[in-house]
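Listed below are the residues making up each chain.
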Amino acid sequence: MSDVKPTQALAAFAAELDPAALPSDVRQKLGWLLLDYLRVCSIGARLPWSDWARAYVGLVGKAGASHVLFSPEQLNPQHTTFLNVTFGSSFDADDTHVGAMLHPGVAVWAAALATAEHVGASGREILAAVAAGYETIIRIGLAVQPAHFRRGFQSTGTCDAFGTAAAAGRLLFRGKDAQRRIQEAIGLAGGYPSGVAQFYYSGSSGKRIQAAHAAQCGVAAAVLTQQGFSGPADMLEGAGGFARAYTDGWDPGVIENGLGARFHLMDVLVKSHAAAARVAAGIDAMLALRQQYGFGAADIETMHLGIPRVIQGRLTNPHPVDLQAAQMSLPFSVALAATLPLTAGRIPDATVADYEAGLADARLAALEDCINIDLDDEVEAASNALSTAAKVSVVLRDGRKLSLLVPAPKGSPSRPFTADEHAARFTHELSSRVPTNICADIIAVSKDLDRLDPVWLGRVLSGSN
């Protein structure tokens, strides 16, 4: 495919992907990612900004066949996607590709399930659409990073639109014109991205819906293409296209190399903590040190955080101005981890509720004031496109000096959750909404995605709390 343009290559991949040919490990990974998608949506649907999103969709949305999760409401595929992505993406616990610097899963799953209900697609077609969506998002992200990030963009808010256009397009367009129509939809989606990342510095609640906006725009692009509109066939690589506008340098070969054989979705990280993926290793390090040596926040005299260059600046600001900024702050997150209650034999997750409580806890501000942060060669060497390392060193008031380097956080490709852990995390959350036998049924479907029926899934979850 060396002489094929990137936009065309992705459209051809989405149109021609045979779900029966997907490797077993890709199918297994997608099943785990489905469970994680539903888990984080269940948590996020209870948060206050999800109510804001519901009120917005109540004004602009139109009824349709696509289920809003955990509700009897059915809307059109665009606005169902917006709501379901808001639920799952709005508290920073959804799956992440570290190298592409984005959150692909919640956007792709929401768009594919909503569009599948809209057109009556089978589980096999959903499987192909989701795989195509993940690969489109991740490959574009990898191609434009890190210059895209340095220009001031958060790639979830830009690249997700292309992936949901590919996923929805796979489900909407069939036959000999499918590639052309998907290519037009991807091209049309290129007119929507924003993803400006000022929230890293100023806070705000805008990031709560950035993925939702991008995801619904991709679905809208596919539906608009179905109605007759079309976007540029060279939207990614064209002289006035996405790469020229949004990055100072990109590698288009990343998009084409191994497409259809090498699945970057296998490198997606599933989060333990409701925080930026690149600060998670620091949280894990503090919790592991406390678990091993039995100290608490009051015992700490000083702290030192060793970091890689990639997070310097945007993720290292202390004293965050609001909840969103706190979840993007390494010093705040490590200070929070120093205060979390520990249970013997179990390292806790840092939740949104923990972050909210931490903002009102004077101990955290005091701990942040005793933190020094420096670039660390060992941490730099341990960090890569799959995970970001961190080193936490503490001096305790009793004179002990403790240090731990965590090369990769729990949930990353080198430290993945097991199948049993995925099932347990899913059941722990979803059993608060549906009977455990329904949880078991969904877990069984995640192991055989050809059986995934979006109408059934919407119905069994529609009466939940």
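Given the structure is predicted, the values throughout are model-derived calculations rather than measurements.

Caption draft 1: Molecular detail of the packing of aromatic side chains. In this structure the tally under the stated criterion is six aromatic pairs. Aromatic side chains tyrosine 56 and phenylalanine 82 sit 5.2 Å apart centroid to centroid with 55° between the ring planes, which places their arrangement in the tilted category. Taken as a pair, tyrosine 56 in helix α3 (residues 48-60) and phenylalanine 82 in helix α4 (residues 77-89) lie far apart in primary sequence, 26 residues in all. Their ring planes at 25° and their centres at 5.9 Å tell us that phenylalanine 332 and tyrosine 355 sit as a pair that is stacked. Highlighted residues: phenylalanine 332 in helix α16 (residues 330-339) and tyrosine 355 in helix α17 (residues 352-359), separated in sequence by 23 residues. We note that phenylalanine 332, like tyrosine 355, is buried.

Caption draft 2: Focus on the side chain of aspartate 284. By the secondary structure assignment, aspartate 284 is in helix α14 (residues 280-293). Every residue in contact with aspartate 284, bar those within four places of it in the chain, is listed here: His273, Val406, Pro409, Lys410 and Arg415.

Caption draft 3: Structural detail: a nonpolar patch on the surface. Together, Tyr56, Leu59 and Val60 make up a nonpolar patch on the protein surface, roughly 310 Å² of accessible area in all. Mapped onto the elements of the fold, leucine 59 is located in helix α3. Under the relative-accessibility criterion, leucine 59 is labelled exposed at 75%.

Caption draft 4: Layout of the nonpolar core. In terms of nonpolar packing, the biggest core is built from 100 residues, with Leu30, Tyr37, Leu38, Trp109, Tyr134, Leu452 and Leu461 touching the most fellow members. Take this core: its biggest share by element is 14 residues, from helix α6 (residues 123-144). Non-local contacts of leucine 461, meaning those with residues more than four positions away in its chain, are made with Leu38, Leu69, Phe70, Ser71, Leu430, Val434 and Ile442. Listed in part, the 52 residues of the second largest apolar core include Val40, Ala274, Val392 and Leu402.

Caption draft 5: Region of the structure containing the pairing of strand β6 (residues 401-406). Pairing between strand β5 (residues 390-396) and β6: six bridges, direction antiparallel. Its bridge partner lying in β6, valine 394 is registered against leucine 402. Between β5 and β6, which pair antiparallel and follow one another directly, the connecting turn spans four residues, one of which, glycine 399, has a positive phi of 100°.

Caption draft 6: Region of interest: the packing of helix α9 (residues 178-189) against helix α11 (residues 210-227). Between α9 and α11, whose axes approach to 8 Å, the crossing angle comes to 125°. With respect to α11, the axis of α9 lies oblique. Note that α9 runs across α11; the crossing there is right-handed. On α11, the residues touching Arg181, Glu184, Ala185, Leu188 and Ala189 of α9 are Ala221, Ala222, Leu224, Thr225 and Gln226.

Caption draft 7: Highlighting the sheet that holds strand β3 (residues 300-307). Taken in spatial order, the four strands make up an open sheet running β4-β3-β5-β6, and their pairing is mixed. Sheet topology places β4 (371-375) and β6 at the edges, where each strand pairs with a single neighbour. Neighbour to neighbour, the strand axes of the sheet diverge by 15° on average, direction disregarded.

Caption draft 8: Summary view of the environment of alanine 337. Note on placement: alanine 337 falls in helix α16. Sequence separation between alanine 337 and proline 252 is 85 residues, and the spatial gap between their C-alpha atoms is 40 Å. Each residue touching alanine 337, except ones within four places of it in the same chain, is listed here: Ile283, Met286, Leu287 and Arg290.

Caption draft 9: Fine view of the pairing of β3. Taken together, the six bridges between β3 and β5 define a ladder with antiparallel strand orientation. Across the sheet, the residue bridging to methionine 303 is valine 394, located in β5. Here five bridges tie β3 to β4, and the two strands are oriented parallel to one another. Following the sheet pairing, methionine 303 is matched in β4 by isoleucine 371.

What counts and how
Residues numbered from 1 in each chain as written. Predicted model: local features only at pLDDT ≥ 70, side-chain atom pairs only at ≥ 80, totals over all residues. Heavy atoms only, no water. Phe/Tyr/Trp six-rings, centres within 6.5 Å; stacked < 30°, edge-to-face > 60°. Helix = DSSP H or I, 4+ residues; strand = E, 2+ residues; numbered from the N terminus. Buried < 20%, exposed > 50% of the residue type's maximum accessible area, 1.4 Å probe, protein only. Contact = heavy atoms within 4.5 Å. Patch = residues over 30% accessible without salt bridge, like charges linked within 9 Å, V, L, I, M, F, W, Y side chains within 5 Å. Areas by Shrake-Rupley, 256 points an atom, 1.4 Å probe, with all protein chains shown as cover. Salt bridge = Lys/Arg side-chain N within 4 Å of Asp/Glu carboxyl O. Core = buried A, V, L, I, M, F, W, Y, C linked by side-chain atoms within 4.5 Å. Pairing = 2+ DSSP bridges. Axes fitted to C-alpha atoms, helices over the stretch in contact; angles between N-to-C directions. Parallel < 35°, antiparallel > 145°, perpendicular 65-115°, else oblique. Left-handed = near helix turned anticlockwise from the far one by under 90°.

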